[in-house]
Amino acid sequence: MEARRLSREIEKLKKRILVLSAEVERALQRAVESVTEQRADLAQAVIDGDEEIDRQEVDLEEECLKLLALHQPVAIDLRFIVAVLKINSDLERIGDLAVNIAQRTLMLAASPGLATIFDFREMADRVQQMLRSSLDALVNLDTPLAYDVIASDDEVDVMNRQMYKRAADAIMQNPEQADRLIMLLSVSRLLERVSDHATNIAEDIVYLSSGEIIRHSRAFQRAASTAPVE
């Protein structure tokens, strides 16, 4: 009886995390469109919708804590609830980053000047695909797909570094537009941070399906691969 009740509660939890993920994915898509198309209306819609994302995040966290306290789950049920707690936090942060991008759109619209020299579409498409895939991996407990998301993070890091070089060249040619160019560059950094959170979600899927925590081992491997050779 108790096991069936917990199973029903976990199904409800899964539905709630999927509802939140859909809201966050839509906010990110609108934020990207707002900056690439310079649409203040989309930017404002993202900002206005953030309160609802925050509310869902708080409600979901409270539900997870209640299940932990009342049912004292073990094994896969425990891992699922812990993973949802962590994914919930990452989704809320992605929502905040979407708001940050939208705010950049409004500031750029208020100070017209140099046309956007940054083409964010490729980077934004990659980041949004990472988010979608991480959520698909959650629904289907698809570990290989989660590892694909993790591998994509390095590609986004490369794109972000390319944006920095492009910004530096543009500032040298147009020093009077330095503030605007730096603001545009910050969008690239925000997208890169979304990529990091999507990667966190994918790593939590690996933990959920296998019980293996790979976050720290992966960080060590990346640090080793980028260390200078003496």
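Given the structure is predicted, the values throughout are model-derived calculations rather than measurements. (Residues numbered from 1 in each chain as written. Predicted model: local features only at pLDDT ≥ 70, side-chain atom pairs only at ≥ 80, totals over all residues. Heavy atoms only, no water.)

### Observations regarding the environment of Met 159
We apply this condition: Strands are runs of DSSP state E lasting at least two residues, helices are runs of H or I lasting at least four, and both sets are numbered from the N terminus onward. Throughout, a contact is declared for two residues whenever any of their heavy atoms are within 4.5 Å.
Secondary-structure assignment places Met 159 in helix 5 (residues 143-173). Sequence separation between Met 159 and Ser 188 is 29 residues, and the spatial gap between their C-alpha atoms is 8.4 Å. Not counting residues within four places of it along the chain, the set of residues in contact with Met 159 comprises Glu 122, Met 123 and Arg 126.

### So, helix 4 (residues 121-140)
Each turn of an α-helix holds 3.6 residues, which means side chains three or four residues apart point in the same direction. Definition in use: Expected span, for any helix, means 1.5 Å times one less than how many residues it has.
Over its 20 residues, helix 4 runs 28 Å from end to end, which matches the ideal 28 Å to within 8%, given 1.5 Å per residue. Leu 141 sits one or two residues past helix 4 and shows a positive phi near 45 degrees.

### Some thoughts on the confidence of the model for the protein chain
Applicable threshold: The pLDDT value expresses, per residue, how confident the predictor is, ranging between 0 and 100.
When the pLDDT values of the protein chain are averaged, the result is 86; 90% of them are 70 or greater. Model confidence for the protein chain, summarised as mean pLDDT per element, is weakest for helix 7 (residues 215-226) at 50 and strongest for helix 2 (residues 40-71) at 94. For the stretch residues 220-230, pLDDT sits under 50, and the model shows three contacts to residues farther than four places along the chain or on other chains.

### A short note on the side chain of Gln 128
What counts, and what does not: The cut-offs for exposure are 20% and 50% of the maximum accessible area for each residue type, with area from a 1.4 Å probe on protein chains only; residues under the lower value are buried, those over the upper are exposed, and the others partly exposed.
Along the chain, Gln 128 falls in helix 4. For Gln 128, a relative accessible area of 10% corresponds to the buried category. Ignoring any residue separated from it by four or fewer positions in sequence, one finds Gln 128 in contact with Leu 28, Gln 29 and Val 32.

### Let's talk about unusual backbone geometry
Positive phi, normally seen in glycine, also occurs at Gln 38, with a value near 55 degrees. Among the structural elements, Gln 38 can be located in the loop between helix 1 (2-36) and helix 2. Looking at Gln 38, the relative accessible area reads 32%, which means it is partly exposed. Phi at Leu 141 takes a positive value of approximately 45 degrees, unusual for a residue other than glycine. Residue Leu 141 is classed as partly exposed on the basis of its relative accessible area of 41%.

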